[in-house]
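# Architecture and fold: a report
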Amino acid sequence: MWRRLQSLAGSLRDLGGCTRHNSVAAFTCQNPGGGDSDNSQRALRVDKGGRTMPFQAVRLYIQDHHVVMDNGTVQVTLSKPAGLVTGIRYDGIDNLLEVLNRETNRGYWDLHWNPPGGKGIFDVISGTSFRVVVENDEQVELSFTRMWDSLLEGKYIPLNIDKRFILLRGSSGFYSYAIYKHLQEWPGFDIGETRITFKLRKDMFQYMAIADNRQRLMPLPDDLLPGRCQTLAYPEAVILVNPELPELTGEVDDKYQYSCENKDNQVHGWICFKPLVGFWQITPSDEFRTAGPLKQNLTSHVGPTTLAMFHSSHYAGKDLVLSISPGEPWKKVFGPVFIYLNSASNGEDASFLWEDAKMQMMAEVQSWPYSFPVSEDFQKSEERGNVCGRLLVKDRNISDDYILASGAYVGLAPPGDVGSWQTECKDYQFWTRADENGCFSIKSICTGDYNLYAWVPGFLGDYRFDAIVNIISGCDMDMGDLVYEPPRDGPTLWEIGIPDRSAAEFYIPDPDPKFMNNLYANHPDRLALLGLTAQL
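Residues numbered from 1 in each chain as written. Predicted model: local features only at pLDDT ≥ 70, side-chain atom pairs only at ≥ 80, totals over all residues. Heavy atoms only, no water.

Looking at an unreviewed UniProt entry, one finds the protein chain named rhamnogalacturonan endolyase, with Salix suchowensis as its source organism.

As a further point, take the pairing of strand E13 (residues 189-199). Of all 11 residues that make up E13, 10 are buried, and the element is covered over most of its length. Pairing geometry for E13 and strand E25 (residues 322-324), over 3 bridges, is antiparallel. Paired with Asp190 across the strands is Ser323, a residue of E25. Across 7 bridges, E13 lies against strand E24 (residues 305-312) in antiparallel orientation. (Buried < 20%, exposed > 50% of the residue type's maximum accessible area, 1.4 Å probe, protein only. Helix = DSSP H or I, 4+ residues; strand = E, 2+ residues; numbered from the N terminus. Pairing = 2+ DSSP bridges.)

Turning next to the pairing of strand E7 (residues 107-114). Every regular strand shows the same layout, with side chains that alternate between the two sheet faces. Within E7, 7 of the 8 residues are buried, which leaves the element mostly enclosed by the surrounding structure. Pairing analysis gives 8 bridges linking E7 to E13, with the strands arranged antiparallel. Within E13, the position partnered with Tyr108 by the bridge is Thr197. Pairing analysis gives 4 bridges linking E7 to strand E8 (residues 121-124), with the strands arranged antiparallel. When the sheet's bridge partners are listed, His112 is paired in E8 with Phe122. Hairpin connection of E7 to E8: 6 residues between the antiparallel strands, including Gly117 at a positive phi of 80°.

We now examine the environment of Ala363. Assignment of secondary structure puts Ala363 in helix H3 (residues 351-366). The sequence separation of Ala363 and Pro32 amounts to 331 residues, and the corresponding C-alpha distance is 7.2 Å.

With that settled, consider the packing of aromatic side chains. The full count for this structure, using the stated rule, is 27 aromatic pairs. On the basis of an interplanar angle of 75° and a centroid distance of 5.4 Å, the ring pair of Trp368 and Phe378 is categorised as edge-to-face. Of this pair, Trp368 sits in the loop between H3 and strand E27 (385-393) while Phe378 sits in the loop between H3 and E27, placing them 10 residues apart in sequence. In terms of burial, Trp368 and Phe378 fall into one category: buried. Arranged with centres 5.9 Å apart and planes meeting at 85°, the rings of Phe430 and Tyr450 form a pair that is edge-to-face. With Phe430 in strand E30 (residues 430-433) and Tyr450 in strand E32 (residues 448-455), the pair connects residues that are 20 residues apart, well separated along the chain. Each member of the pair, Phe430 together with Tyr450, is buried. (Phe/Tyr/Trp six-rings, centres within 6.5 Å; stacked < 30°, edge-to-face > 60°.)

Residue Lys274 is joined to Pro275 through a cis peptide bond whose omega torsion reads 0°. Tracing the backbone shows Pro275 in the loop between strand E20 (267-273) and strand E21 (276-282). The residue after Trp368, namely Pro369, is reached through a cis peptide bond having omega -5°. Within the secondary structure, Pro369 sits in the loop between H3 and E27.

Our focus in this paragraph is the environment of Pro499. Summarising the element assignment, Pro499 is placed in the segment after strand E34 (476-484). What makes Pro499 buried here is its relative accessible area of 18%. With residues up to four places along the chain from it excluded, the contact list for Pro499 reads Val456, Pro457, Gly458, Phe459 and Leu460. (Contact = heavy atoms within 4.5 Å.)

This paragraph deals with the sheet that holds strand E29 (residues 409-413). What holds strands together in a sheet is hydrogen bonding between their backbones, with the strands either parallel or antiparallel. The strand order across the open sheet built from 4 strands is E30-E29-E32-E33, with neighbouring strands paired in antiparallel fashion. On the outer flanks of this sheet lie E30 and strand E33 (463-471), each paired with one strand and no other. The mean inter-strand angle of the sheet, taken between neighbouring strand axes irrespective of direction, is 20°. Looking at chain direction, E32 and E33 are connected through 6 bridges and run antiparallel. (Axes fitted to C-alpha atoms, helices over the stretch in contact; angles between N-to-C directions.)

Together, Leu493, Trp494, Ile496 and Phe506 line one region of the surface with nonpolar side chains, adding up to about 560 Å² of accessible area. Examined against the element boundaries, Trp494 turns out to sit in the segment after E34. The exposed category is assigned to Trp494, whose relative accessible area is 66%. (Patch = residues over 30% accessible without salt bridge, like charges linked within 9 Å, V, L, I, M, F, W, Y side chains within 5 Å. Areas by Shrake-Rupley, 256 points an atom, 1.4 Å probe, with all protein chains shown as cover. Salt bridge = Lys/Arg side-chain N within 4 Å of Asp/Glu carboxyl O.)

Now for the sheet that holds E20. The sheet built from 9 strands is open, its strands ordered E9-E10-E11-E12-E26-E21-E20-E14-E15 with antiparallel pairing. Edge positions in the sheet fall to strand E9 (129-135) and strand E15 (214-217), since each of these pairs with one other strand and no more. Neighbouring strand axes in the sheet, compared pairwise and without regard to direction, differ in orientation by 15° on average. When E21 meets strand E26 (residues 330-343), the two strands line up antiparallel, connected through 6 bridges. Across the sheet, the residue bridging to Gly278 is Asn342, located in E26. In the packing of H3 onto the sheet, the strands contacted are strand E12 (173-182), strand E14 (205-211), E15, E20, E21 and E26, and the crossing angle to E21 comes to about 30°.

One finds Ile88, Tyr180, Phe198, Leu391 and Leu452 to be the most contacted residues of the largest nonpolar core, which totals 119 residues. In terms of residue count, E26 provides more of this core than any other element does, 8 residues in total. Leaving out residues up to four positions away in the same chain, Leu391 has contacts with Leu404, Ala405, Ala408, Val410, Gly438, Phe440, Ala454, Val456, Tyr463, Leu482 and Tyr484. Counting 6 residues, the second-largest nonpolar core is a separate cluster that includes Leu294, Trp421, Tyr453 and Trp455. (Core = buried A, V, L, I, M, F, W, Y, C linked by side-chain atoms within 4.5 Å.)

Attention now goes to the pattern of salt bridges. Counted under the stated rule, the structure contains 25 salt bridges. Glu251 serves as the salt-bridge partner of Arg216, at 3.3 Å between the closest nitrogen and oxygen. Remark: Glu251 occurs in the loop between strand E17 (237-240) and strand E18 (252-254) and Arg216 occurs in strand E15; sequence separation between them is 35 residues. Accessibility classification places Arg216 together with Glu251 in one group, the buried group. Of the charged contacts, one joins Lys358 and Glu355 as a salt bridge, the two residues approaching to 3.3 Å between their closest N and O atoms. Note that Lys358 and Glu355 are positioned in helix H3 at a spacing of 3 residues, about one turn of the helix. Each member of the pair, Lys358 as well as Glu355, carries the same accessibility label: buried.

In structure tokens form, the structure reads like this:
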């Protein structure tokens, strides 16, 4: 079995180019939800014989303690009224989630919080009220809410939380988002982390993919048990002593090595080789993630576990804790994110599943902001605004002319100091990259007041446009030419490295062979191995 898995894993790593299959089971590049004009497209599919056939209408089944959404392709079961995902049926597999786990430990929203100055509390968010928001042939949207009052102080975070789940006709997956709301009269709190967690079947999903060059067969969860591994400086980092797959003996596994910057963290997940099925978490926008495009967040790791991270203080500590004070009203929509499922016929290359997932991710990105979420708190395209302009660099020590800010990162984030976007946790951020001429365009910005921030690879410092940028519904704002003057006390005499907010050009020494994760043995991001030295 393991030899076959290794052979299939090798074919995935060796894949060159971007090829996908046309098996009907894969449902490649579906349109996520472009409104009523797309209903006819979503209602049809093409079978393996090339015939056009109708997709099954979405159906909802309400039971005593569960509710089931079913569109004929995927069936999602949630506990009622808690709103925990207890089952995902797909491609003839009764449940993709770990059936050995309790229903409360399969698929759920969670957060880690504390009262100001208090101890941390891990909370799997369980709803206390259930309602059907939309139910028709094209779409089902469900709401699971937990309301707060003073009797719950100290037990639950002072938030009203509304978790939503959506299933569309013809969709090979489902969507989820949530609205968090804090009223002015409520006590304050700190949030260190909030996310969606899915725990898949360990007997099926053993190959993880988070990028073209970050894929591997993973240890089993039992490999992390006492006697099977040696714990290093912290519980998540272990040396595999007696893993199920002997070739992993002596390697290090550490979930933090699979982290990814927000800007690159758009699709990741797992592949089952028998049958060929993929489980993918797709994040179509970074607007609801905290701390900007360079913030590192967890992705997938041994479990097999897949995470949709919205906020975390990982790698930064208290500077990235989301703190809401008493008397401070606050509301934010996290998501929607898409859980995408695909499959291939026996004999097809498993690498198609990863390529197809990337193409589906691009389709989701192009469809943002979605038209189908019902909550008024999620602004639709026509309610948002757009900003464009050009960024130039003025540095007379390099050139007497303005320098085009090629490849600059330009974004709108809440008003603050220069560079404050890097620790901003409460509201939304909207980022793009300038073209080779420094021209930028940021689309679909939620209404509100922002500062415009930027930084330019190759130049020190951060740019902030001092005036408040007020976005109203339907606006198209041309900011014209903006000029950034990098901090400088004189001409450059010598320079080590490039100010591009990466360490790509630095020499990375070989790691101690005793602390090796072979995923990074010949990887351009070998920096991930620097922590795996004797001090662990």
